[in-house]
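Overview (structure and organization)
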Amino acid sequence: MIKVLVKGYGTIGKRGAWALRRQSDLTLYGVVKRRPDYSAILAVKSGIDVYVPGEEELRAFEESGVRVAGLLDDALGRVDAVVDATPGGVGRKYKGLYVKHGVKAVFQGGEAPDVAQVSFNPLCNYSEALGKDFIRVVSCNTTALLRLICSLNRYFTVDRVRAVIVRRGADPKEVRRGPINAIVLNPPKLPSHHGVDVKTVLPWLDIQTAAFAVPTTLMHTHFIQVFLKEGVTREDVVRVLEGSPRIVLVGAEALGVSSTAELAEVIRDMGRARGDMYELAVWEESVTVIDGREVMLTQSVHQESIVVPENVDALRAALSIEKDGERSINITDTALGLVGGWLLWSS
Ligand SMILES: NC(=O)c1ccc[n+]([C@@H]2O[C@H](COP(=O)([O-])OP(=O)(O)OC[C@H]3O[C@@H](n4cnc5c(N)ncnc54)[C@H](OP(=O)(O)O)[C@@H]3O)[C@@H](O)[C@H]2O)c1
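Quantities reported herein were computed from a predicted structural model and do not represent experimental measurements.

**Details of the domain arrangement of the chain**
Assigned domains of the chain: these are domain 1 (2–138 + 308–331) and domain 2 (140–306). The C-alpha-based centres of domain 1 and domain 2 are spaced at 26 Å. Listed per partner, the contact involves 22 residues of domain 1 and 24 residues of domain 2. Its largest share of buried area at the contact with domain 2, domain 1 owes to R15, L123 and V138, together 30% of the area lost on that side. Linking domain 1 to domain 2 there are seven salt bridges. Here R15 and D276 are joined by a salt bridge, their closest N and O atoms 2.9 Å apart. Seen at the junction of domain 1 and domain 2, the total is 10 residue pairs in polar contact (both at pLDDT 80 or more). Counting only elements with at least two residues in the side of domain 1 that touches domain 2, the list comes to α1 (11–20), β7 (118–120), α6 (122–129), α12 (308–318) and α13 (325–336). Element by element, the count of residues in the side of domain 1 that touches domain 2 is highest for α1, at five residues. Considering only residue class, the side of domain 1 that touches domain 2 consists of 12 nonpolar, four polar and six charged.

This is the structure we're talking about:
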């Protein structure tokens, strides 16, 4: 069994650890925490071994009475791979340690692209990541854009993309970043970095994005125009989205929802752990085709969880456990219980 350590047990790390415990070909070896806070206590209570980066943190854990399994350096000697889910820029500082121990590492979108050999989305470039030592799973907004673009590009030929990204101001637990009472130009100078980040995976694509941060913590929402080289109908586009993994169509009228707040409530009512929505939600009524070649739509993105399935696939690619991207996606999604097709109207 392949052993994986999750370093950084915050928004992404704890979800990554949860997802790893549900895979049959990967096993969670433990997690790395600096502070013996509620997350560390709950991790220990749920049977997860908690490691600490150094002696100082070890003393803090011992003083607070939270059980600690050992030091990061010891754990790295016993695992095959690390998911580094520390804040942007921190992962890079630990890269030397991963090299020293010869473990593969999956970094997150907050790191600069050159931290890894490949920026990754399994629907776009799984084979490029096979056997790589360092893979970067792009951020939540970039993952959402890539899922849509690569799903459409599988059946049609995407020529160029324009997108407006309405970003959540902060995650629900981030008391230091909110609330804001503004629509923040993010940034004022166009384009925003999101399109640039998409190009780390699809360098050939003509894409421009603008982004605005708004006072919400639940989800991001994108308005997207995809220009195609061939003519298609709305039905063609809906059929492709219906059949694409990690995308779910949300019928606003059928479900009686037309906001991220109501969508989040549907997901909580579905009993999803932490209220997580791994799927990209495409609002079905928004799907519009103009003159056959311009597809417009609106999609919503649960920022706290959308990259979790991608992290699992990145591990399978790095460790070459599964050579075929579609099969990896299928294994991950079955284990995590993702739905496809229409939300609440498909299996
Ligand atoms: N949150 C999102 O919506 C989101 C979505 C997609 C991608 N990402 C990316 O995922 C990465 C992690 O983000 P996050 O939101 O999960 O962060 P987070 O909730 O703030 O969690 C970060 C974790 O890293 C640990 N940490 C902080 N500084 C550290 C250091 N110097 N050394 C070792 N550990 C350290 C913290 O440990 P302690 O608690 O022990 O101090 C915490 O558990 C970032 O690259 C981010 O850009 C985030």
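**A look at unusual backbone geometry**
In this structure, the amide linkage connecting N186 to the following residue, P187, adopts the cis form with an omega of 5°. Summarising the element assignment, P187 is placed in the loop between β10 (184–185) and α8 (193–198). Positive phi outside glycine occurs at R246, with the angle close to 65°. For R246, the location among the structural elements is in the loop between α9 (234–242) and β13 (247–250). Judged by relative accessible area, which is 1%, R246 ranks as buried. Positive phi, close to 70°, is recorded for L344, a residue that is not glycine.

**Overview of the layout of surface pockets**
What the largest pocket holds in volume is close to 1,500 Å³. In terms of lining residues, the largest pocket is bounded by 46 residues, among which A85, T86, P87, K173 and E174 are the most central. Residue assignment for the lining of the largest pocket shows that the elements contributing at least two residues are α1, α2 (38–45), α5 (90–101), β8 (134–137), α7 (140–155), β9 (158–168) and α8. Class assignment for the residues of the lining of the largest pocket results in 15 nonpolar, 16 polar and 15 charged.

**Here we look at the packing of aromatic side chains**
Aromatic ring pairs: the centre-centre distance and the angle between the two ring planes describe each pair. Per the stated rule, a full pass over the model turns up four aromatic pairs. Both rings, one in Y29 and one in Y51, keep their centres 5.7 Å apart while their planes meet at 20°; by these two values the pair is stacked. Separated by 22 residues along the polypeptide, Y29 in strand β2 (residues 26–32) and Y51 in strand β3 (residues 50–52) bring together distant segments of the chain. The same class applies to Y29 as to Y51, namely buried. Seen from their ring centres, Y98 and F107 are 6.1 Å apart, and the 40° between their planes marks the pair as tilted. Taking relative accessible area as the criterion, F107 reaches 0% and is therefore assigned buried.

What counts and how
- Here the residue numbering is sequential within each chain, running from 1 through the sequence in written order.
- Residue-level local features of this predicted model are given only where pLDDT is at least 70; pairs of side-chain atoms are given and counted only at 80 or more, and the full residue set underlies all totals for whole chains, interfaces and linings.
- With hydrogens and water stripped out, all remaining heavy atoms of the structure feed into the side-chain values.
- Boundary definitions for the domains trace back to an automatic or database domain assignment.
- We call two residues in contact when some of their heavy atoms are within 4.5 Å.
- Buried area adds together the accessible area that both of two parts lose upon being put together, with accessible area traced by a 1.4 Å probe.
- Criterion for a salt bridge: a side-chain nitrogen of Lys or Arg within 4 Å of a carboxyl oxygen of Asp or Glu.
- In protein, a polar contact requires one atom able to donate a hydrogen and another able to accept it; more generally it is a pair of N or O atoms within 3.5 Å, and residues adjacent in sequence count only if both atoms are side-chain atoms.
- Segments assigned H or I by DSSP are reported as helices when at least four residues long, segments assigned E as strands when at least two residues long, and all are numbered from the N terminus.
- For this classification, the nonpolar set comprises Ala, Val, Leu, Ile, Met, Phe, Trp, Tyr, Cys and Pro, the charged set comprises Asp, Glu, Lys and Arg, and every other residue, Gly included, is treated as polar.
- Type-normalised accessible area, obtained with a 1.4 Å probe on protein chains alone, sets the label of each residue: buried when under 20%, exposed when over 50%, and partly exposed for intermediate values.
- Each cavity reported here is a set of points on a 1 Å grid over the protein atoms alone in which a 1.4 Å probe fits but cannot get out, each pocket an open set with protein on both sides within 12 Å along at least five of seven lines, and each lining residue one with an atom within 4 Å of a point.
- Grid points are joined across faces, edges and corners, and a volume is the space filled by probe spheres set on the points.
- Aromatic pairs are defined between Phe, Tyr and Trp rings, using the six-membered ring for Trp, whenever the two ring centres lie within 6.5 Å; interplanar angles under 30 degrees are classed as stacked, those over 60 as edge-to-face, and all others as tilted.

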